[in-house]
Amino acid sequence: MPAVTPNMSSSNGAGKPTTRRSSWAEAAAAADATTPPRAPSPAQPPHRSVAAHAEASAAPIASVPAAEAAAPPQHAPALRRSRPTVADEIAESPMPDFIGSPGLFVKEQKPRPRGGIRGALYNLTGGAWNLGPGPKQRQEDELGRRISRQLQGSYNTAILSLKGGIGKTSTTVGVGLTLAEYRGDAPCAIDANPDSGDLVERALGEGIYQQSSPRTITDLLENIESIDSLTALARYMHHAGRFHLIAGEQDPEVSDSLTAEEYLRIRKLISSYYSVALTDCGTGVTHNAMSGILQSADNLVIAAGYAVSGAKRARSTLHWLASHGYEDLARNAIVVITDKDEVSSRVDKDAIEEHLSGICRELIAVPHDRGVADGDLVTLDVLKQETRRAYKEIAAAIVDGYR
């Protein structure tokens, strides 16, 4: 493009101002000189044209004014902090505890109601209307939670009485089957009754027991040194589903020969493979094995009946325990009153329960049930709901006592 020189007095021969063509770089520099430079943005370096870059690179260093060269270098303005990226925001955000708080992303679902109007409404609507479980079901679920509590170690509960025929063995079987139903680990029961105990017959049925290999606690003791695994121990056990049992000695001549030391050897073996063990102690608290049983027991169940004599015997049992060095066992004992004979209305059940409730940790009543009273096979399927509920309460109280 033609550029007009500042000296307009020069003219050619015709008296016209002279024009000359300059290079592209000179024209660009002249255009830049007529436009006031804009202050550079703090966030960006000042914009310079290609020609300015060319002239700056071509200008000699000596052309820099001396004052400007002598001036101390000024710090460049601080750059504005750039906006954090998405990756920075994710990295700086708190990490949710997916394990400790699994409900952060999933709404808690109500448990399914079983039975009653709530259960019927749930089934009719295909689950669209879920009112949740009622009070009774919530209580049952809480019992199941207490029974199934995970345990660290092995525990033993002794079940005893001073009188026979008042529900001691049936309580052992009913509670053992209940533990097997709710716990993840199988429970074990030991028949330490010195009077030809029938624990296994009550759990399996007499016919099935006679058809199986009738190994007893005596056989186990004779071979105890060779047992080094659960598989080897299982040869001397009987199984009512997940409830495992060691049969008592049936021969009257040797049934009362189990000593405290022998029982402790069996208990030590059992503790290696079972977290919960029940011991059916038989009648009385003074037979040979009883000191070993009480020495290794973590808590007690005292069986009693709805009779004045039964209540007195249960109280006498607790008093004997407390006065012979087992005060903690007596204080934390569970008294179970079984209405085995369906006593008449003349018996004041409330008075008997009140007589015993103040001297033990918990008192639980088992109602009259033909499935228990007949003295034959005890199975949970044929028991009344009230009886099954009582066995759940006993099982939960037993596990609660394992500290």
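Owing to the predicted nature of the structure, the values given are computational and were not obtained by experimental measurement.

Asks: Could you give an account of the overall build of the protein chain, naming the residues involved and the relevant values?
Replies: From N to C terminus, the protein chain includes 18 helices and eight strands. The long-range share in the protein chain, meaning contacts at least 24 apart out of those at least 6 apart in sequence, stands at 76%. Carbon and sulfur atoms form 53% of the exposed surface of the protein chain, whose accessible area is close to 24100 Å².

Asks: Hey, could you go over the pattern of salt bridges for me, with residue numbers and the actual values?
Replies: Oppositely charged side chains can form a pair if their charged atoms are brought close together. Under the definition given, this model contains twelve salt bridges. Two residues, R183 and D185, come together in a salt bridge whose shortest N-O distance is 2.9 Å. Looking at R183, the relative accessible area reads 5%, which means it is buried. The partly exposed category is assigned to D185, whose relative accessible area is 27%. The salt bridge partner of R331 is E327, with a shortest N-O separation of 2.9 Å.

Asks: So what's going on with the environment of R149? Residues and values would help.
Replies: With respect to the helices and strands, the residue R149 is situated in the loop between α6 (135-147) and β1 (155-161). Linking R149 and A396, residues 247 residues apart in sequence, is a C-alpha distance of 9.1 Å. Discounting chain neighbours no more than four positions away, the residues touching R149 are R183, V399, D400 and Y402. A polar atom in the side chain of R149 sits 3.0 Å from the backbone oxygen of Y402.

Asks: Any details on the packing of helix α7 (residues 168-182) against helix α18 (residues 385-400)? Residues and values, ideally.
Replies: The geometry of α7 relative to α18 is characterised by a closest axis approach of 9 Å and an angle of 75° between their N-to-C directions. The angle between the axes of α7 and α18 places the two elements in the roughly perpendicular class. Here α7 contributes S170, T171, G174, V175, T178, L179, E181 and Y182 to the contact with α18, which in turn contributes R388, Y391, K392, I394, A395, I398 and V399. The residue inventory of the contact of α7 with α18, partitioned by class, reads eight nonpolar, four polar and three charged.

Asks: Tell me what's going on with the confidence of the model for the protein chain, and back it up with residues and numbers.
Replies: Per-residue confidence for the protein chain gives a mean pLDDT of 79, with 72% of residues at or over 70. Overall, residues 56-64 carries pLDDT values under 50, and its contacts beyond four positions in sequence, including any with other chains, amount to two contacts.

Asks: So what's going on with α6? Residues and values would help.
Replies: For α6, spanning 13 residues, the distance from its first C-alpha to its last is 19 Å, which sits close to the expected 18 Å at 1.5 Å a residue. Those residues of α6 that sit buried are Q137, E140, L143, G144 and I147. Angularly, the buried residues of α6 cover 115° about the axis, an arc narrow enough to put them on a single face. Taken together, the buried residues of α6 touch α7 and α18.

Asks: I'd love a proper account of the environment of D376, names of residues and values included.
Replies: Inspection of the secondary structure puts D376 in the loop between α17 (370-373) and α18. A residue is classified by how much of its surface remains accessible, and D376, at 46% relative accessible area, is partly exposed. As for D376 and A203, which are separated by 173 residues in sequence, their C-alpha atoms are 8.6 Å apart.

Asks: Hey, could you go over the sheet that holds strand β7 (residues 334-338) for me, with residue numbers and the actual values?
Replies: Read across the sheet, eight strands follow the order β3-β4-β2-β5-β1-β6-β7-β8 without closing on themselves; strand pairing throughout is mixed. The two strands at the open ends of the sheet, each matched to only one other strand, are β3 (238-240) and β8 (362-366). Strand-to-strand, the axes of this sheet are offset by a mean angle of 25°, without reference to chain direction. Judged from the four bridges that link them, strand β2 (residues 188-191) and strand β5 (residues 276-283) form a sheet pairing that is parallel.

Asks: Any details on the pairing of β7? Residues and values, ideally.
Replies: Most of β7 is tucked away: five of the five residues are buried. Every second residue of β7 is oriented toward a common face, with I334, V336 and T338 on one face and V335 and I337 on the other, all of them buried. As paired strands, strand β6 (residues 299-305) and β7 are joined by five bridges and run parallel to one another. Note that in β7 the partner of G305 across the bridge is T338. Relative to β8, β7 is paired through five bridges, and the arrangement is parallel. Bridge assignment links V335 to a residue of β8, and that residue is L363. After leaving β7, the chain enters helix α16 (residues 349-357) and then returns to the sheet as β8, a path that is right-handed.

Rules and cut-offs
Starting afresh in each chain, residues are numbered from 1 along the sequence in its written order. Only residues with pLDDT of 70 or above have their local features reported here, since the model is predicted, and side-chain atom pairs are shown and tallied only from 80 upward, although totals for entire chains, interfaces and linings are computed over all residues. To get the side-chain values, all heavy atoms of the structure are used, and hydrogens and water are removed first. Secondary structure elements follow DSSP: runs of H or I of four or more residues count as helices, runs of E of two or more count as strands, with numbering from the N terminus. In this analysis, two residues are considered to be in contact whenever any of their non-hydrogen atoms come within 4.5 Å of each other. Using the Shrake-Rupley algorithm and a 1.4 Å probe, accessible areas are obtained, with residue cover drawn only from the displayed protein chains. The term salt bridge refers to a pairing of a side-chain nitrogen on Lys or Arg with a carboxyl oxygen on Asp or Glu at a separation within 4 Å. Only protein chains enter the accessibility calculation, which uses a 1.4 Å probe; a residue whose area is less than 20% of its type maximum is buried, one above 50% is exposed, and one in between is partly exposed. Polar contact is defined as a pair of N or O atoms within 3.5 Å, subject to the rule that within protein one atom must be able to donate a hydrogen and the other to accept it, and that residues adjacent in sequence are counted only when both atoms are side-chain atoms. To define axes, lines are fitted to C-alpha atoms, for helices over the stretch in contact only, and angles between the resulting N-to-C directions are given on a 0 to 180 degree scale. For classification purposes, an angle smaller than 35 degrees is called roughly parallel, one larger than 145 roughly antiparallel, one from 65 to 115 roughly perpendicular, and anything else oblique. Gly falls in the polar group here, along with every residue not listed as nonpolar (Ala, Val, Leu, Ile, Met, Phe, Trp, Tyr, Cys, Pro) or charged (Asp, Glu, Lys, Arg). As a per-residue measure, pLDDT reflects the predictor's confidence and takes values from 0 up to 100. Expected span of a helix: the number of residues minus one, times 1.5 Å. An arc is given here, and it is the one of the directions from the helix axis to the C-beta atoms. We call two strands paired when DSSP finds no fewer than two bridges between them. For a crossover, the right-handed case is the one in which the path from the first strand over the helix to the second runs clockwise, viewed with the strands pointing away from the viewer.

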